[in-house]
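Coordinate inspection notes
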Amino acid sequence: DATAAEMMAAIDEATAASAHLAAQGQRPHYDYLVVGAGFAGAVMAERLAADGGKRVLVVDRRPHIAGNAYDVADAAGILIHQYGPHIFHTNSDEVFAYLSNFTRWRAYEHRVLADVDGRRVPVPINRTTLNALYDAGLETDADAAAFLAARAEPVAQVRTSEDVVVSAVGHELYRTFFRGYTRKQWGLDPSALDKSVTARVPTRTSTDDRYFTDRHQAMPAAGFTAMFAAMLDHPNITVLTGTDFAEAAAAVSYDRLVYTGPIDEYFGYCHGRLPYRSLCFEHRTLPVERHQEVAVVNYPDEAVPHTRITEYKHLTGQRSPVTSITIEYPAAEGDPYYPIPRPENHQLYKRYEALALAEPDVIFVGRLATYRYYNMDQVVGQALATYRRLKAGHADIAPA
Ligand code: FAD
Ligand code: UDP
């Protein structure tokens, strides 16, 4: 049973880690303790060590680096993403150039189909989608724009994730593509979610069927985990996986802390729990060369329990007589994968942020520590900016 085996591996590694620290007899000193080896922690550690000349200990409670972007070869040798599909895309030249120091890239443009009553149509909704569902014969962008304009139901003030979609495409397409998917994914009706959630997915009048239109779209050639290993491979960086913050804090001393875990956990949930949405991942290998036409198929039907299925060979270009997929089932309990964007949650986050601001030697960065629904590139950008501010404010970092 993979999960039990993984837990055993985690426990073994944690024991080895504390033994390693205790064997040193005294509490070793680091300039920085970095909690979390995901994008936020790895970028901060790399900058502090390579640019700042600091000695850094990075710990992660999971038995591996790379955070939610962790990928690993499964039993069939297919590179899968343990925590669901991660597709890299960015408009930031800075972020792309920075990561390019640690990986080569495989060009990849993401495409997604939605399963609507057994038919597969492009998402985001585009002209092809409309022609397939309505036999609409739309030939130009202007045709599609007019078709959508006739269905759109303008909303005086666009506030929620329902407003965004209904004001662009009307209730029927909203129900077909967004209502059920969102209710499954978030456990909330789109009317209860901030507009920023469904605003991530545009509506198109062209036949462009790419999921993203960013300037840079690519996958790390040897995978995310290999890229993280290169980032953390520095003589000033020590990495201990399978090691919790509390365990590390008891075993070493440090001048400053970079914390990338959930901010409410850091403060002992003193203001109550910040809501996070979780997922269950069902990883499967199938005895066929190809399972689906594109990397991801979405299932917007609320009666279907999963939200999407990912087939990894599309992302990697790997060849194999078998294929590996992941089926995603949203869950209320489990690892905190998604901060839930809605006004009351933001208010609660602000109370934790106020506590964070009162701790100048603790730096909160990343998706969980700043409670933001950020993509990978946004977290890299946030960490690079955080490092720059830290360096500007502390004469001891990277003395000339
Ligand atoms: P994380 O990756 O969560 O890393 C935080 C780490 O801190 C974790 O490994 C955790 O174990 C560790 N930690 C927490 N608390 C402690 C503690 N007390 N002690 C020790 N360790 C601790 N982004 C994209 O750009 N494209 C995508 O296609 C995409 N797909 C996604 C799909 C899914 C299902 C999910 C959940 C996210 C996706 N993302 C995607 C977002 C991406 O995962 C995040 O932006 C990114 O991983 C955030 O990095 P982070 O370092 O902030 O957090
Ligand atoms: N969404 C939807 N139907 C879709 C795709 C997305 O309703 O077919 C909504 C859903 O609420 C989702 C949000 O739009 O959580 C953002 O989608 P995206 O693909 O950006 O989410 P990710 O998986 O990257 O977090």
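Residues numbered from 1 in each chain as written. Chains lettered and ligands numbered in written order. Predicted model: local features only at pLDDT ≥ 70, side-chain atom pairs only at ≥ 80, totals over all residues.

1. Some points on the overall build of the protein
- The number of helices and strands found in the protein is 12 helices and 17 strands.
- Relative to the globule expectation of 21 Å for 400 residues, the C-alpha radius of gyration of the protein, 22 Å, shows essentially globular dimensions.
- Overall, the C-alpha framework of the protein stretches about 75 × 50 × 40 Å when taken along its three principal axes.
- The burial tally for the protein puts 40% of its 400 residues in the buried class.
- Sequence separation of at least 24 residues holds for 74% of the intrachain contacts in the protein that already meet a minimum separation of 6. (Helix = DSSP H or I, 4+ residues; strand = E, 2+ residues; numbered from the N terminus. Rg over C-alpha atoms; globule rule 2.2 N^0.38 Å. Buried ≥ 20, exposed ≤ 12 C-beta atoms within 10 Å, placed from the backbone. Contact = placed C-beta atoms within 7 Å.)

2. Looking at helix 7 (residues 224-232)
- Residues of helix 7 that are buried: F224, T225, M227, F228, M231 and L232. Looking straight down helix 7, one finds that the buried residues subtend no more than 155° of arc, so they occupy a single side. (Arc of directions from axis to C-beta.)

3. A short note on the environment of A75
- Tracing the backbone shows A75 in the loop between strand 3 (71-73) and strand 4 (79-81).
- Along the backbone, A75 and T285 are 210 residues apart, and their C-alpha atoms lie at a distance of 8.6 Å.

4. Describing the confidence of the model for the protein
- Residue-level pLDDT values for the protein average 94, and 93% of them are 70 or greater.
- Complex prediction metrics read pTM 0.94 and ipTM 0.99. (pLDDT = per-residue confidence, 0-100.)

5. Some remarks on the packing of helix 2 (residues 39-51) against helix 7
- Two numbers describe how helix 2 lies on helix 7: the axes approach to 9 Å, and their chain directions differ by 30°. As far as their axial angle goes, helix 7 and helix 2 are roughly parallel. Crossing of helix 2 against helix 7: the hand is left-handed. Touching A42, A45 and E46 of helix 2 are F228, M231 and L232, all from helix 7.
- The residue makeup of the contact of helix 2 with helix 7, split by class, is 5 nonpolar, no polar and 1 charged. (Axes fitted to C-alpha atoms, helices over the stretch in contact; angles between N-to-C directions. Parallel < 35°, antiparallel > 145°, perpendicular 65-115°, else oblique. Left-handed = near helix turned anticlockwise from the far one by under 90°. Nonpolar A, V, L, I, M, F, W, Y, C, P; charged D, E, K, R; others polar.)

6. What about the site of ligand 2?
- Not every one of the 13 residues close to ligand 2 is listed here, only the nearest: F178, Y181, T182, R200 and N298.
- A total of 5 residues in the shell around ligand 2 trace back to one element, the largest contributor, which is helix 6 (residues 161-186).
- Classifying every residue of the shell around ligand 2 gives 8 nonpolar, 4 polar and 1 charged. (Near = placed C-beta within 6 Å.)

7. Things to note about the UniProt feature "domain: UDP-galactopyranose mutase C-terminal" (unreviewed entry) in the protein
- Sites flagged by UniProt as "domain: UDP-galactopyranose mutase C-terminal" (unreviewed entry) map to residues 177-373.
- The distance separating the terminal C-alpha atoms of residues 177-373 is 21 Å; by composition the span is 25% helix and 25% strand. (UniProt positions renumbered as here; feature names shortened; annotations may be inferred.)

8. A short note on the sheet that holds strand 2 (residues 56-60)
- Reading across the sheet, the 5 strands line up as 10-2-1-11-17 and stay open at both edges, with parallel pairing between neighbours. With one partner strand each, in any of the chains shown, strand 10 (237-241) and strand 17 (362-364) form the two edges of the open sheet. Taken pair by pair, the neighbouring strands of this sheet meet at an average axis angle of 20°, ignoring direction.
- As paired elements, strand 1 (residues 29-35) and strand 11 (residues 253-259) share 6 bridges and run parallel to each other. Across the sheet, the residue bridging to V34 is V258, located in strand 11. (Pairing = 2+ DSSP bridges.)

9. Structural notes on the site of ligand 1
- G36, G38, G67, G261 and G366 are the nearest of the 33 residues found near ligand 1.
- Looking at the shell around ligand 1, the elements with two or more residues in it are helix 2, strand 2 and helix 12 (376-393).
- Residues belonging to the shell around ligand 1 are distributed by class as follows: 16 nonpolar, 11 polar and 6 charged.

10. Brief notes about the pairing of strand 9 (residues 216-220)
- Bridging between strand 5 (residues 89-90) and strand 9 involves 2 bridges; their strand directions are antiparallel. Bridge assignment links H89 to a residue of strand 9, and that residue is Q217.
- Two elements, strand 6 (residues 105-107) and strand 9, share 3 bridges in a ladder whose sense is antiparallel. Of the residues in strand 9, the one forming a bridge with W105 is P220.

11. Describing the environment of A49
- Along the chain, A49 turns up in helix 2.
- With 223 residues separating them in the primary sequence, A49 and G272 have C-alpha atoms 35 Å apart.
- Non-local contacts of A49, meaning those with residues more than four positions away in its chain, are made with K54, V56, H234, N236 and I237.

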